[in-house]
Structures are given as C-alpha cells and as structure tokens.
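Residue-level structural notes
Here is how the chains run, residue by residue.
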Amino acid sequence: VLKDLCARAYKMLDDDFGLPPVKIYLEKTSPVGAGLGGGSADAAYTLAMLSDMFGLGLDNEKLAAYAARLGSDCAFFVWNRPMFGEGRGEVLAPFDMPVKIIEPGEEKGAGSGIVYELKIIVPEGIAVSTAEAYRGIKPAVPAVRLKDVLSRPVSEWKELLVNDFEKTVFGAHPELAAIKQSLYDSGAAYAAMSGSGSALFALYEA
C-alpha cells in the first residue's frame, strides 16, 4: 500500500486515465509534524500538475473530489484561496475574509482597509503527532459561530477564535504556549497554533 500522498495521487489518476510513468522530485520546505498541511498541499498540487501535464482537463471541482479521497484537508489546497470547511473538512465553500492578510514583504496595496501581516513560527525540534493530537482533543461548542467570529474585528478574535488542539498539545509541549504568548507580547493582534501543531502563526497590523 502506497503511503506517500504524491504517489497515491499519481496512482489514483493512473487508475482512471492510464498515465505514462513519471518521476516526481519533491523538495519539502514544510516540516513534518508542523500542522501546516504540507503533505496535503503536496498531494493537491501533484493532482493539478498531472492534469496539466497530460491534458486531463480536470477543473478545480474534479481535482477537489480526487483530493478529498486522499485526506480530509487535501481538497482545501486545490483552491488556493480562503474556504470554509465543514464535514470532515472536505465540504468546502468560498469564504471572503473581511480583512486582507499579506505575507512579510508583500505590498499591502492602496485602499485595502485594515491589512494584517502574517508571521509563521515553526519551532525547531518539536513535532506533534497528528494521531496523538486527535486522540487528545475535546472539541468545544463555541459561544459564537466561526463565520460570525471571522466577521468581527481581529482585535476580538483572541477570546473568540480558539484552536481546541491547543489545550492538550500545549500541555504536552508548554514551550509552544510560551511562544504563543511571546507573539502577543510582541504586538500581535491575534496568534494561535496552526492545526494540530507544532507551528504557530500571528497577525500583525501592517
């Protein structure tokens, strides 16, 4: 049984379209166990690349359907834009963020309202097992619906936008909690762990 998601993506399309052999060279820049969806993104882009290479004509809807068979969050990376996920994470709908978020060094542009710069921290030497994180999580019912929280000012997210993985993951890795606090201490408007960890991210008003 193939374990690598890129190899599984190729096998899935090969079963349906009879693809010629390919050689895939993958250079990982997102570390394993960081909660950034690196493996899922690799799988999604492998599907898109193969469709382009061999003229399969798969639009995003069809690519997302294939990607969902590889993993719950794989389909998200097909769209390369904010999406709201339900179900296992594979039921996706476009979502317009009420604020603009840019990467460090990116121009915020004119007339774009309040803009936030995204900072990502990947702690060295800390890898969180996804399976372990899911075994420990106890999802809470939020007082305010996620879509409603995201429509509020970012300054209100700290108390309302909660990653339920943090409680148990921070218990096992208290240094992650300390990093999150340091992000707020440095002026972040919002900070949280990414997915099941160990990476954290913060938003700073640009």
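So, here is what we can say about the structure in this document. (Residues numbered from 1 in each chain as written. Predicted model: local features only at pLDDT ≥ 70, side-chain atom pairs only at ≥ 80, totals over all residues. Heavy atoms only, no water.)

For Ser 194, the position within the fold is in the loop between strand S5 (190-193) and strand S6 (200-205). There is a polar contact of 2.7 Å between the side chain of Ser 194 and the backbone oxygen of Gly 35. Not counting residues up to four positions away in its chain, the partners in contact with Ser 194 are Ala 34, Gly 35, Leu 36, Asn 163, Ala 199, Leu 200 and Phe 201. (Helix = DSSP H or I, 4+ residues; strand = E, 2+ residues; numbered from the N terminus. Polar contact = N/O pair within 3.5 Å; in protein donor to acceptor, adjacent residues only side chain to side chain. Contact = heavy atoms within 4.5 Å.)

The next thing to look at is the sheet that holds strand S4 (residues 115-121). Taking strand neighbours across the sheet as the criterion, the four strands line up as S3-S4-S6-S5 in an open arrangement whose pairing is mixed. The open sheet is flanked by strand S3 (100-102) and S5, the only strands paired with a single partner. Each neighbouring strand pair of the sheet contributes to a mean axis angle of 25 degrees, computed without reference to strand direction. Pairing of S4 with S6, which is carried by six bridges, proceeds in the antiparallel orientation. Bridge pairing in S6 links Leu 118 to Leu 203. With respect to the sheet, helix H8 (residues 165-172) is in contact with S5 and S6, its orientation differing from that of S5 by roughly 70 degrees. (Pairing = 2+ DSSP bridges. Axes fitted to C-alpha atoms, helices over the stretch in contact; angles between N-to-C directions.)

Tracing the chain through its elements places Glu 166 in helix H8. Apart from residues lying up to four places away in sequence, Glu 166 is in contact with Gly 171, Lys 180, Ala 192 and Met 193.

So, on to helix H1 (residues 5-17). Between the first and last C-alpha of H1 there are 18 Å, a value that for 13 residues agrees with the 18 Å anticipated at 1.5 Å per step. Considering only its buried residues, H1 is in contact with helix H2 (38-53) and helix H3 (60-70). Two or three places before Cys 6, at the opening of H1, Asp 4 has a side-chain oxygen 2.9 Å from that residue's backbone nitrogen. One or two steps after H1, the chain reaches Gly 18, where phi turns positive at roughly 65 degrees. (Expected span 1.5 Å × (residues − 1).)

A separate point is the pairing of S4. As judged from the three bridges shared by S3 and S4, these two strands associate in the parallel manner. By the bridge assignment for S4, Ile 101 is matched with Tyr 116.

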